[in-house]
Amino acid sequence: MMTLKGRVVVPGVARGKLLVIPDNVSFYGELEKRDLSGKILLVEGTRGSTVAPYVIYRMCRRGVAPNALLIATRVEPMIIAGAVLAELVLVDSLAELNPGLNLQALQEYNGVDVEVDANSASLARITVPAIRR
Amino acid sequence: MYLTQIEERMLNGEYGEAVRKAMEILVRIGEALGAPRLIPVTSVHVSGISVNNIGVEGVELIEWFARNGARVLVKRATINPMGFDLDGIMPRDSREWALQLRLLNAFRNMGFSTMVTCTPYDAGNRPGRGEHIAWSESSAVLYANSVLGARTNREGGIVALAAGITGRIYLWGMHLDEERMPTHLIRIVVKDDVRNDLYSGVVGAIIGSVVDGIPLIDEGYRVDEAGVRNLLAAAGAWGSLPLIYLPGVTPDYRDARSRCDTCERLEIDDREIKDFIERVGGYADENVDAIFVGCPHVNTSVLDYIMNKLEKCGGTKIPFYVAVGGHVPREYVDKGLRLNIRVVRGTCMVVTELSRLGLESIATNSMKAAFYLPRRHGVQVKLGELDKLVSIACGAHGG
């Protein structure tokens, strides 16, 4: 089992299947086309767009938003606005708080059940169970 | 983040669910940015008004705010252009128009002015020097900071809405003196014939493309009001700058210039400006499908100028669109139709569904439009200053 640390941006507790995308992603025109329900999405970063809050809210209304969004770098304001509107748990700064974090390698854990505890004042804990190699 | 008692009560839901949500947006973003507290704002301007962009759920979200107690707490609140013109001059789908009217109605119910425009400073929302505001249209943000001396970051539409509902924004970025200090000193070295409305837009586009900081244009480069607007709008489209110090325009220019001796230096000359025009699409001639002026929206003095010229040559020979704010009187639309000009109020070519018009090439003097039209609509752009566009409209022998 491993525990990753992150900075709480929008608090809450979430569980779901890990999906790692080791890239900068955009909600507008990109993630909105996917069904991310039941997922804990971990991305390198987000490419902001002023429409992003509407897209995240729309995904939430259609039931295809992830249960939590984890960002390795710093989150952008428009993603925060979207997460507040969609009541999506949001955690960032994983790279800074977990030295040596390698998203490419973490893709091996895609599909495992993870738990995000982002209820504390500032520090989130993401529990990832061990997998059989 | 430090919150006052009343801000705490907003966040706890004592003023309704919409105010709570709006306050939560501001607090979460402010905390992530490291802002120490919130500050009152006197004015907001909200973008993201086109239903083509935000969809039916976006409309429902704004309606949810209006229904759950959201009311404007600031003196002046305006909204950006929408997906259709107010008078039906351009074609519109009746279902999408109905959705657009629902959105306008929700904003009206919250207390917003619905004179949709990207130049709110021409429509009664004109903050003064030093006022803290929350605006979210890039060209208007640059105008507010650089011309009016007001203070705003380049906010997202939903953040500007949250600021309007709570009367507050996080203390960060352009609200702070130290963040407004110039970082780049730009010298514009051009001959007199490279100073019109088109070339000033190109200067803005180049600055926006290359500068990541706060540019200050050195003494010796002066352009008129229309030139200033084109320059700033272009800088906002080709980059993400919030403020450019302009000689003879920006209220705090002298003080900023005196602090710019250690700025990074950059020079822009005639050749670079003309090369940029060639790269974007080259100069306009009579072989274009349409002419478009009004990005940002033109004021009535430019509109009068265009109409007087076209009246003298008997009206335009090719489709001519002029985008203006919803505050411009309806008479201009009718007068335009007599001259074959389509004056579109409350929208522009960038946010509308241009594909319905079947245009392949458009001539414009706007370097902001020149950024968005090819990218959003696949349209080829040709460039010309306003006088050139008017003479093309009049026909080779008519101008």
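Reading the values: the criteria
- Residues numbered from 1 in each chain as written.
- Chains lettered and ligands numbered in written order.
- Predicted model: local features only at pLDDT ≥ 70, side-chain atom pairs only at ≥ 80, totals over all residues.
- Heavy atoms only, no water.
- Core = buried A, V, L, I, M, F, W, Y, C linked by side-chain atoms within 4.5 Å.
- Buried < 20%, exposed > 50% of the residue type's maximum accessible area, 1.4 Å probe, protein only.
- Helix = DSSP H or I, 4+ residues; strand = E, 2+ residues; numbered from the N terminus.
- Contact = heavy atoms within 4.5 Å.
- Disulfide = S-S within 2.5 Å.
- Pairing = 2+ DSSP bridges.
- Axes fitted to C-alpha atoms, helices over the stretch in contact; angles between N-to-C directions.
- Buried area = accessible area lost by both parts, 1.4 Å probe.
- Salt bridge = Lys/Arg side-chain N within 4 Å of Asp/Glu carboxyl O.
- Polar contact = N/O pair within 3.5 Å; in protein donor to acceptor, adjacent residues only side chain to side chain.
- Domains from an automatic or database assignment.
- Right-handed = clockwise from strand over helix to strand, strands pointing away.

Participant: I tried to follow the nonpolar core on my own but got confused; where do I start?
Facilitator: L90 of chain A together with F65, F107, F112 and L161 of chain B are the most contacted members of the largest nonpolar core, which has 84 residues in total. At nine residues, the largest contribution of residues to this core is made by helix α2 (residues 17–33) of chain B. Filtering out sequence-adjacent residues up to four positions away, F107 of chain B remains in contact with V46, I49, I62, I79, F112 and L161 of chain B. In this structure, V202, L232, I244 and L373 of chain B belong to the second largest nonpolar core, which totals 64 residues.

Participant: Looking at this structure, how should I read the state of the cysteines?
Facilitator: Residues and elements named next belong to chain B. Taken as a whole, this structure holds two disulfides over all chains when the rule is applied. With its sulfur 2.1 Å from that of its partner, C260 forms a disulfide with C263. Measuring handedness by torsion sign, the sulfur bridge of C260 and C263 sits at about -115° and is left-handed. Owing to a relative accessible area of 8%, C263 belongs among the buried residues under this scheme. Covalently, C313 is tied to C394 through a disulfide, its sulfur atoms 2.1 Å apart.

Participant: Could you clarify how one ought to interpret the sheet that holds strand β7 (residues 123–128) of chain A in this entry?
Facilitator: All names here are of chain A. Taken in spatial order, the seven strands line up as β1-β5-β4-β3-β2-β6-β7 and close into a barrel, and their pairing is mixed. Neighbour-to-neighbour, the strand axes of this sheet turn through a mean angle of 40°, independent of strand direction. Note that strand β3 (residues 39–46) and strand β4 (residues 68–71) share four bridges and pair parallel. Opposite L42, over in β4, you have L70 as the bridge partner. Running over the sheet, helix α2 (residues 77–86) touches β1 (2–10), β3, β4 and β5 (89–92) and is turned about 90° from β1.

Participant: Where do I start with helix α14 (residues 386–394) of chain B in this structure?
Facilitator: All names here are of chain B. Taken together, the buried positions of α14 are L386, L389, V390, I392, A393 and C394. Buried residues along α14 sit against α7 (197–210), β9 (290–293), α11 (300–312), β10 (320–324) and β12 (361–364). One or two residues past the end of α14 sits G395, with phi positive at roughly 95°.

Participant: I tried to follow the interface of chain A and chain B on my own but got confused; where do I start?
Facilitator: Often, the extent of an interface is quoted as the loss of accessible area on bringing the components together. Across the boundary between the two partners, chain A contributes 21 residues, which contact 21 residues of chain B. Note on chain A versus chain B: buried area summed over both sides is about 1,900 Å², and carbon and sulfur give 66% of it. Counting the surface chain A buries against chain B, the share from its top three residues, Y54, V84 and L85 of chain A, is 34%. Where chain A packs against chain B, one counts four salt bridges. A salt bridge links E87 of chain A to K21 of chain B, with the nearest nitrogen and oxygen atoms 2.9 Å apart.

Participant: Any chance you could explain the sheet that holds strand β4 (residues 134–135) of chain B here in plain terms?
Facilitator: Remark on secondary structure: sheet strands pair via backbone hydrogen bonds, oriented parallel or antiparallel. Residues and elements named next belong to chain B. Taken in spatial order, the three strands of this open sheet run β3-β2-β4, and their pairing is parallel. One side of each edge strand has no neighbouring strand; the edge strands of this open sheet are β3 (76–79) and β4. Pairing geometry for strand β2 (residues 43–46) and β4, over two bridges, is parallel. Counterpart to H45 in the pairing with β4 is W135. The sheet strands contacting helix α6 (residues 157–166) are β2 and β4, and the helix crosses β2 at an angle near 150°.

Participant: I keep staring at the side chain of R76 of chain B and nothing clicks. Help me out?
Facilitator: Residue and element names in this part refer to chain B. Locating R76 in the fold gives a position in strand β3. Of the polar contacts made by the side chain of R76, one reaches the side chain of E131; its length is 2.9 Å. Non-local contacts of R76, meaning those with residues more than four positions away in its chain, are made with T42, S43, V44, G124, N125, R126, P127 and E131.

Participant: When you look at the domain arrangement of chain B in this model, what are you seeing that I'm missing?
Facilitator: Residues and elements named next belong to chain B. For chain B, the assigned domains read domain 1 (5–173), domain 2 (181–279) and domain 3 (282–394). Put simply, the middle of domain 2 and the middle of domain 3, counted by C-alpha atoms, are 25 Å apart. With 17 residues of domain 2 at the interface, the matching set in domain 3 holds 18 residues. Counting the contacts that link domain 2 with domain 3 gives zero salt bridges. For the side of domain 2 that touches domain 3, the elements supplying multiple residues, two or more each, are α7, α8 (225–238) and α10 (270–280).

Participant: Would you mind going over the pairing of β4 of chain A with me for this structure?
Facilitator: Two faces, one strand: in a regular strand the side chains alternate between the faces of the sheet. Residue and element names in this part refer to chain A. Alternating positions in β4 separate into two faces, A68 and L70 on one and L69 and I71 on the other, with burial throughout. Of the pairings in the sheet, the one linking β4 to β5 comprises three bridges and is parallel in character. Opposite L70, over in β5, you have V91 as the bridge partner. Read from β4 through α2 to β5, the crossover connection turns out right-handed.

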